[in-house]
Amino acid sequence: MEHARGWLLFTKNIGSHLSLDETAFSNGDLYTILTNKNAKGKKGAIVAMIKGTKAEVVIKILHKIPLKQRKKVKEITLDMAGNMGLIVKKSFPNAILVIDRFHVQKLALDALQEIRIKHRWDAIDIENDALENAKNRKLKYIPDLLYNGDTLKQLLARSRYLLYKSSSKWTENQSKRAAILFEKYPDLEKAYKLCQNLSWIFNNTKDKTSALIRLAKWDEKVRQAGLKSFNTIARTMSIHYKNILNYFENRSTNASAESFNAKIKAFRAQFRGVRNIEFFLFRLTTIFA
C-alpha cells in the first residue's frame, strides 16, 4: 500500500477485471475509485482511491503500480466520460474497455423523462392560466378530469415510474394511465418504445455481430422518431460503439462499482457525514482494501 494526502493505492493482487468510477464523499468533492471485480465488494475490493477526476493526476498515481501488474489487467468497465477512457488507455495497455450498458440505458431513460417533464411544465402553465382566468371572472375553478380520474398535470406526474418499467410489469392502473399518456403525447410513446427496444437488445443479444446490426437498426429508429435528445444519445453511442460492443464479449457491467459506491454512502451515513476525510479513507481501506 502507498498512501499520501488525497489518494490511496494498493499494489498487491489488483486483479484482472476492474471497474473505474467516481463518487462524492462530502461537500461535492469527487474521488476516482478503481475496484477489483473479483473481490465482490469485500476485502480486496479497493485498488485505488484518488481525489479528483483529472486524467493526468489519476494516471500519474496509477503509474505507481508496476507496469508488469498493469499489463495483467484484461478488462475494465467504465462510463462514457472522456477522462475515464483516457485513464484506462494510458494506465492499462492490455485492458479492453467496456462501456457500462446501464450507463447507456440511463441516458435513454433520462431523455425519456426529460420529454415527460417538459410536457408537465406545459400542463402546469395551462392549469395556472385556467386558474387565473376563473379567478378574474370570479368563478370556481373545476379542473378537467381524464377518464381515469387524473388531471393532465397529475397524469404526467404519476407516469414517472411506469416509464421506467416494461409494460408487462405495469399494474392495471398503470396500464390505463399509460394508454391515456401515449394517446395525449405520441412523442412519449415513441421515446418509451426506443428505451424498451434498447433494453431488449442488451438483454437478448449474445454476440457482437448481432449487437452491431441491432444497434444500427435502433439508430435508424431514433432518426425516424425525430426526437432531439435521442439523436444526441445515438450520436454519443456511435462515437463509443466499439467499447459498447465489448459488453457482448463477457457481459461485464459497472454494477460492482455502483454497488461499492452504495456501500460507501451507507458507511458515510453511519457517521452522519464525513468530517475527517483521511480517517474516513482509513476506515474504508481497513474494511475493503
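In this text, all values refer to a predicted model and were calculated from it rather than measured experimentally.

## Considerations on the pairing of strand 3 (residues 17-24)
Reasoning step 1: By the bridge criterion, 3 bridges tie strand 3 to strand 6 (residues 75-78) in an arrangement that is parallel. Residue H17 lies in a different strand from strand 6, and its bridge partner there is E75.
Reasoning step 2: Of the strand pairs in this sheet, strand 3 and strand 4 (residues 30-36) are connected by 7 bridges, and their pairing is antiparallel. Bridged to T23 within strand 4 is Y31.

## Remarks on the pattern of salt bridges
If the charged atoms of two oppositely charged side chains come close together, the side chains can form a pair.
Reasoning step 1: The tally for this structure, following the rule as stated, stands at 9 salt bridges.
Reasoning step 2: One salt bridge in this structure joins D219 and R223, with 2.8 Å as the shortest N-O distance. Of this pair, D219 and R223 are both found in helix 8 (residues 208-225), 4 residues apart, which corresponds to roughly one turn of the helix.
Reasoning step 3: Under the relative-accessibility criterion, D219 is labelled buried at 17%.

## Let's talk about helix 9 (residues 228-239)
Reasoning step 1: Along its 12 residues, helix 9 runs 17 Å from first to last C-alpha, staying within 8% of the 16 Å computed at 1.5 Å per residue.
Reasoning step 2: Along helix 9, the positions that sit buried rather than exposed are S229, F230, I233, A234 and M237. Seen from one end, helix 9 has its buried residues packed into an arc of 140 degrees, which puts them on one side. The exposed set on the far side of helix 9, more than 90 degrees from its buried face, consists of K228, R235 and I239.
Reasoning step 3: The secondary structure elements touched by the buried residues of helix 9 are helix 4 (101-136), helix 7 (186-204), helix 8 and helix 10 (241-245).

## Describing the layout of surface pockets
Reasoning step 1: In this structure, the largest pocket occupies an estimated 270 Å³ of space.
Reasoning step 2: In terms of lining residues, the largest pocket is bounded by D21, D79, D100, F102, H103, Q105, K106, L107, L109, D110, N254 and E258.
Reasoning step 3: Sorting elements by how many residues they give to the lining of the largest pocket places helix 4 first, with 7 residues.
Reasoning step 4: Taken together, the residues of the lining of the largest pocket break down into 3 nonpolar, 3 polar and 6 charged.
Reasoning step 5: Reported here for the second largest pocket is a volume of approximately 230 Å³.
Reasoning step 6: Looking at the lining of the second largest pocket, the elements that each hand over two or more residues are helix 4 and helix 5 (152-158).
Reasoning step 7: Here the lining of the second largest pocket takes 4 residues from helix 4, the largest share from any one element.
Reasoning step 8: Residues belonging to the lining of the second largest pocket are distributed by class as follows: 9 nonpolar, 1 polar and 4 charged.

Calculation rules
- Residues numbered from 1 in each chain as written.
- Predicted model: local features only at pLDDT ≥ 70, side-chain atom pairs only at ≥ 80, totals over all residues.
- Heavy atoms only, no water.
- Pairing = 2+ DSSP bridges.
- Helix = DSSP H or I, 4+ residues; strand = E, 2+ residues; numbered from the N terminus.
- Salt bridge = Lys/Arg side-chain N within 4 Å of Asp/Glu carboxyl O.
- Buried < 20%, exposed > 50% of the residue type's maximum accessible area, 1.4 Å probe, protein only.
- Expected span 1.5 Å × (residues − 1).
- Arc of directions from axis to C-beta.
- Contact = heavy atoms within 4.5 Å.
- 1 Å grid on protein atoms, 1.4 Å probe; cavity = no way out; pocket = protein on both sides within 12 Å on 5 of 7 lines; lining within 4 Å.
- Points joined across faces, edges and corners; volume = space filled by probe spheres on them.
- Nonpolar A, V, L, I, M, F, W, Y, C, P; charged D, E, K, R; others polar.

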